[in-house]
Amino acid sequence: MKRKKSLIKSDNFQAIMMILPFLIGFILFSYVPIIYILRYAFTDYAGFGKATFTGLANFVRVFQRDPDFWQSLVNTVVLSAGKLAVEIPLALLLAILLNKKLRGLSFFRVTLFMPTIISAAIIGLIFSLLFSPFQGMINEILKSIGLITKPINFFDTKWKAMLILGIASVWQNYGINMIFFLMALQSIPQEIYDCASIDGATGIRRFFKITLPMIAPIFQSILLMAIVGSLKVCDLVISLTNGQPGGTTEVAMTYIYKSFFGKSGRNIEIGYASAMALITAIFLALVTFVYLKATKKLKEYEA
Amino acid sequence: MSMGKLKRILRNSAVYIFLSAFFVISFFPVFFTFMSSFKSNMEILTTGNRLIPKAFVVENYIKAWKMADFSIYTKNSVFLAVFCVLGAVMSSTICGYAFSRGKFKGKEIVFYFMVSSMFVSLGTLTLYPLLMEMKAVHLNKSLWGVIIIRVFGMNVTNLFIARGYITSIPSEIDEAAKIDGCSFVGIYRRIIFPLCKPLIATVAILAFRSAWNDYMLPMVFTMTDTKRMPLVVGVMHLKSSGAAASAWNLMLAGTVISLVPMIVIYIAFNRFFISGMTAGAVKG
């Protein structure tokens, strides 16, 4: 009895007991779902009754008979690459401007960051109204400044719809990346610039010779988060295009979600959706791995 | 000299003009939503739309609140946010404290094991398994399921911030308390937790943001029961239901109802937002 009491009183026991519930929760909600997907990926299961083991049948189907899934994966990559090509340079440029010693810049820092705090689903909704085909505000603006005479239907072809997705996504994310870059810039010691200006380095040269190498390690992390984040895009697509027109703007996450839950006229196919989820997870891991390998050099500047 | 000064003024004005353009870009969609929420449905759906409504129809809000269940959605959102915030504050301070001050074997391994979830988080891919786990304990049709997943699923960013913050509190303080006979949990309760106010503010705001804005997770938990939907889910539900075309005005009113608390909190606490959301990045 006495020993038990001292166990409860011991620091280590108490520390472990404090962490334990969260450790269990973490295993339940981070790892168990992956095991679940691994288990059902090799079965035929519609969400009720028994799951029948079908070996690699789901994977054969993904690779041989589901061009729509591959289209959604390609869309994910194209959308991510396209929007990051705009978003990252833009965020860096804004950060450089905000890093200048001018009055009132904190106002811009706070207001330009604001889109980041809005729900992705709500952003999709707002942009679908802004760009709506006939009476949308963007159409009205373009008409009033004489750029177009007839309203544009922004959502009737795949690439127009993808463009709007890209615009909405850049709008949603440039603020956070801007702040990340601003933090990186503020970590550069001023003396380095002072030395450089004595040597006569100015403007663009200074940017490529000092600023960029100095922020390279943080740049690597920022870009990784931006890439992974945009490959996992889901809410925005669901609320903005929901895959329209004709399922051509589906991204991997929305496509798989719809198979799990039987949305957009799809059947509920847990087994098949799990197989696609597994392939997508491996793809995500592969992208991260390749990215980290390819950008290893950037991190070395840190030393 | 005066040439140089002129050049500088020109360059600085160019900076201000460029930033102002982005201020407009950042603000316009929100302002547009706000204005549109006062338009009649007719006005929203006809061409020749202007930014400022012809007449401010406050009725949109009354209708959305009373007839379109937005009062219920708001209540649900508040419920979800309150428990997610409380849970996040508890979980991050407790784990941050135990990982910072605890000396048990394997502490580092467990910590990095938990942090590794950053790399295995698969977003929407795990929605269905999560729902099934909660179904096993009959919480698949309630926001409690969402709360449990959010709180016990641990947010790695919060964990990092909390451990860092608590490590920065001098350990002499708890040594002294220990001599006075305070237990490990007691030190957390009486000494560390009260010293964590800035940490709590940051974690609370981040948790509020994600709970208030979350869409997919609460959506799959409330699919069959519209009375349990939080605001964002409710707005989206209205959009995808057949009534969408005839209810844009209500949807926009609902959107604004969901936007306003977020924006007010952002304006009041933007420093915590910005520092909190970037803290995870530095460590990652």
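This text gives an overview of the structure that appears in the document. Just so it is clear, the model here is predicted, and its values are computed rather than measured.

Rules used throughout
- Residues numbered from 1 in each chain as written.
- Chains lettered and ligands numbered in written order.
- Predicted model: local features only at pLDDT ≥ 70, side-chain atom pairs only at ≥ 80, totals over all residues.
- Helix = DSSP H or I, 4+ residues; strand = E, 2+ residues; numbered from the N terminus.
- Rg over C-alpha atoms; globule rule 2.2 N^0.38 Å.
- Contact = placed C-beta atoms within 7 Å.
- Buried ≥ 20, exposed ≤ 12 C-beta atoms within 10 Å, placed from the backbone.
- Axes fitted to C-alpha atoms, helices over the stretch in contact; angles between N-to-C directions.
- Parallel < 35°, antiparallel > 145°, perpendicular 65-115°, else oblique.
- Left-handed = near helix turned anticlockwise from the far one by under 90°.
- Nonpolar A, V, L, I, M, F, W, Y, C, P; charged D, E, K, R; others polar.

Concerning the overall build of chain A
Phase 1: When helices and strands are tallied, chain A shows 14 helices and two strands.
Phase 2: Computed over C-alpha atoms, the radius of gyration of chain A comes to 25 Å, more than 25% over the 19 Å expected from 2.2 N^0.38 for 303 residues, which places it beyond the range of a compact globule.
Phase 3: In terms of overall dimensions, chain A has C-alpha extents of about 75 × 75 × 35 Å along its principal axes.
Phase 4: Put simply, of all contacts in chain A between residues at least 6 apart along the chain, 69% involve residues at least 24 apart.

As for the overall build of chain B
Phase 1: Helices and strands together make up the secondary structure of chain B, namely 15 helices and zero strands.
Phase 2: For chain B, whose C-alpha radius of gyration is 24 Å, the value lies well above the compact-globule estimate of 19 Å for 284 residues.
Phase 3: In terms of its C-alpha atoms, chain B occupies a principal-axis envelope of roughly 75 × 75 × 35 Å.
Phase 4: In chain B, once contacts between residues fewer than 6 apart in sequence are set aside, the share between residues at least 24 apart is 74%.

Regarding the environment of Tyr174(A)
Residue and element names in this part refer to chain A.
Phase 1: As for its placement among the helices and strands, Tyr-174 is situated in helix α8 (residues 158-186).
Phase 2: Accessibility expressed as a C-beta count within 10 Å gives 26 for Tyr-174, which makes it buried.
Phase 3: When the C-alpha atoms of Tyr-174 and Gln-135 are compared, they prove to be 28 Å apart, with 39 residues separating the residues in sequence.
Phase 4: Filtering out sequence-adjacent residues up to four positions away, Tyr-174 remains in contact with Glu-87, Leu-90 and Ala-91.

Details of the packing of helix α10 (residues 203-231) of chain A against helix α13 (residues 270-294) of chain A
A pair of packed helices is captured by two measures, namely the crossing angle of their axes and the spacing between those axes.
Residues and elements named next belong to chain A.
Phase 1: Between α10 and α13, the shortest axis-to-axis distance is 11 Å and the interhelical angle comes to 165°. By the angle class used here, α10 and α13 are roughly antiparallel. Viewed along their axes, α10 and α13 form a crossing whose handedness is right-handed. Here Leu-224, Ile-227, Val-228 and Leu-231 of α10 lie close against α13, whose contacting residues are Leu-284, Val-287, Thr-288 and Tyr-291.

Quick word on the interface of chain B and chain A
Phase 1: Tallying the contact residues gives 68 residues for chain B and 67 residues for chain A.
Phase 2: Looking at side-chain class alone, the side of chain B that touches chain A contains 42 nonpolar, 22 polar and four charged residues.

Comments concerning helix α6 (residues 120-130) of chain A
Phase 1: Burial within α6(A) is extensive, with ten of its eleven residues counted as buried.
Phase 2: Ala120(A), Ala121(A), Ile122(A), Ile123(A), Gly124(A), Leu125(A), Ile126(A), Phe127(A), Leu129(A) and Leu130(A) are the residues of α6(A) that are buried.

Overview of unusual backbone geometry
Phase 1: The linkage connecting Gln244(A) with the following residue, Pro245(A), adopts the cis geometry, with an omega of -5°.
Phase 2: Mapping Pro245(A) onto the fold places it in the loop between α11 (235-240) and α12 (252-261).
Phase 3: The phi dihedral of Asn242(A) is positive, around 50°, even though this residue is not glycine.
Phase 4: Within the fold, Asn242(A) resides in the loop between α11 and α12.
Phase 5: You can call Asn242(A) partly exposed: it has 18 C-beta atoms within 10 Å.
Phase 6: Located in the positive-phi region is His138(B), a residue other than glycine, with phi close to 60°.
Phase 7: Examined against the element boundaries, His138(B) turns out to sit in the loop between α7 (127-136) and α8 (143-152).

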